[in-house]
Amino acid sequence: MSIRIFISHSVAPRELALVDAMAEEVARRGAVPFIPRRDWKPDNVVPEDIKKEIKKANYIIAIASQEGHHSQWVNTEVVYGQNLTPRKPLLLVADAKVPINSSCKKIVINRSNPLSTISEVSQRIQRLIQDKKTQDLLTGFLVGGLILLFLYSLKKD
């Protein structure tokens, strides 16, 4: 099963390269990125197709710039993901002056060196993917061990 990352964004049109670079980095790391469309009204009701993608995602990356015009979309998508059980792990990438009402750590967009921001996000994505693979491996060992114990108990009878 591949790792999926939902990339929510609120950036100026000229900054979409940052969103695309994040998606490329996600794909380069072996995960599947999803960038939602922005043709729906953010009235706190997330469209079903976007809900489906958030539910399928292992993580959410929210990107917000000072000049972004889609913060309502980002807020709605992030809140939806945070209200799921279990809640979706969240990575915030934002300009320093973008107010974030979350306990999540924020990666500040370095305007003088955007590549350093992409590098930092890339490292974080790699850790998320590695943590997920480790978790899946441990789960596999646990399930395998339980199956062996069950089979062993059948053999004794």
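Conventions adopted
- Residues numbered from 1 in each chain as written.
- Predicted model: local features only at pLDDT ≥ 70, side-chain atom pairs only at ≥ 80, totals over all residues.
- Heavy atoms only, no water.
- Helix = DSSP H or I, 4+ residues; strand = E, 2+ residues; numbered from the N terminus.
- Buried < 20%, exposed > 50% of the residue type's maximum accessible area, 1.4 Å probe, protein only.
- Arc of directions from axis to C-beta.
- Contact = heavy atoms within 4.5 Å.
- Right-handed = clockwise from strand over helix to strand, strands pointing away.
- Pairing = 2+ DSSP bridges.
- Axes fitted to C-alpha atoms, helices over the stretch in contact; angles between N-to-C directions.
- Parallel < 35°, antiparallel > 145°, perpendicular 65-115°, else oblique.
- Left-handed = near helix turned anticlockwise from the far one by under 90°.
- Nonpolar A, V, L, I, M, F, W, Y, C, P; charged D, E, K, R; others polar.
- Expected span 1.5 Å × (residues − 1).

## What about the overall build of the protein chain?
Reasoning step 1: The helix and strand inventory of the protein chain stands at four helices and five strands.
Reasoning step 2: Relative to its 157 residues, the protein chain shows a buried fraction of 42%.

## Overview of helix α2 (residues 48–56)
Reasoning step 1: Taken together, the buried positions of α2 are Ile50, Lys51, Glu53 and Ile54. The arc that holds every buried residue of α2, seen down its axis, measures 165°, which confines them to one face.
Reasoning step 2: Those residues of α2 that are buried lie in contact with β1 (4–10), β2 (32–34), β3 (59–64) and α3 (71–83).

## Some thoughts on the pairing of strand β4 (residues 90–94)
Reasoning step 1: Of all five residues making up β4, five are buried, and the element is well covered by its neighbours.
Reasoning step 2: Judged by which residues are buried, β4 turns out to be covered on both faces: Leu90, Leu92 and Ala94 on one side and Leu91 and Val93 on the other are all buried.
Reasoning step 3: A crossover links β3 with its parallel partner β4, the connecting element being α3, and its sense is right-handed.
Reasoning step 4: As paired elements, β4 and strand β5 (residues 106–108) share three bridges and run parallel to each other. Each residue of the ladder has a partner; that of Ala94, found in β5, is Val108.

## Quick look at the pairing of β3
Each regular strand displays side chains that alternate between the two surfaces of the sheet.
Reasoning step 1: In terms of residue burial, β3 counts as a mostly covered element, since six of its six residues are buried.
Reasoning step 2: As paired elements, β1 and β3 share six bridges and run parallel to each other. Bridge pairing links Ser8 to Ala62 in β3.
Reasoning step 3: Pairing between β3 and β4: five bridges, direction parallel. Opposite Ala64, over in β4, you have Ala94 as the bridge partner.

## A few points about the packing of α2 against α3
Reasoning step 1: Direction vectors running N to C along α2 and α3 enclose 50°, while the axes themselves pass 10 Å from each other. Classed by the angle they form, the pair α2 and α3 counts as oblique. In this structure, the crossing between α2 and α3 has a hand that is right-handed. Here Ile50, Lys51, Ile54 and Lys55 of α2 lie close against α3, whose contacting residues are Glu77, Tyr80 and Gly81.
Reasoning step 2: Considering only residue class, the contact of α2 with α3 consists of three nonpolar, one polar and three charged.

## Some points on the sheet that holds β2
Reasoning step 1: Sheet architecture is open: five strands sit in the order β2-β1-β3-β4-β5, paired in parallel fashion. Of all strands in the sheet, those with a lone pairing partner are β2 and β5, marking the two edges. Here the strands of the sheet are splayed against their neighbours by 20° on average, with no regard to which way each runs.
Reasoning step 2: Contacts from helix α1 (residues 16–28) reach β1, β2, β3 and β4, with the element oriented near 175° to β1.

## Quick word on α1
Owing to its 3.6 residues per turn, the α-helix brings residues three or four apart onto one side.
Reasoning step 1: Between the first and last C-alpha of α1 there are 18 Å, a value that for 13 residues agrees with the 18 Å anticipated at 1.5 Å per step.
Reasoning step 2: Every buried residue of α1 is listed here: Leu18, Val19, Ala21, Met22, Ala23, Glu25 and Val26.
Reasoning step 3: Among the residues trailing α1, Gly30 stands out with phi positive, at a value near 95°.

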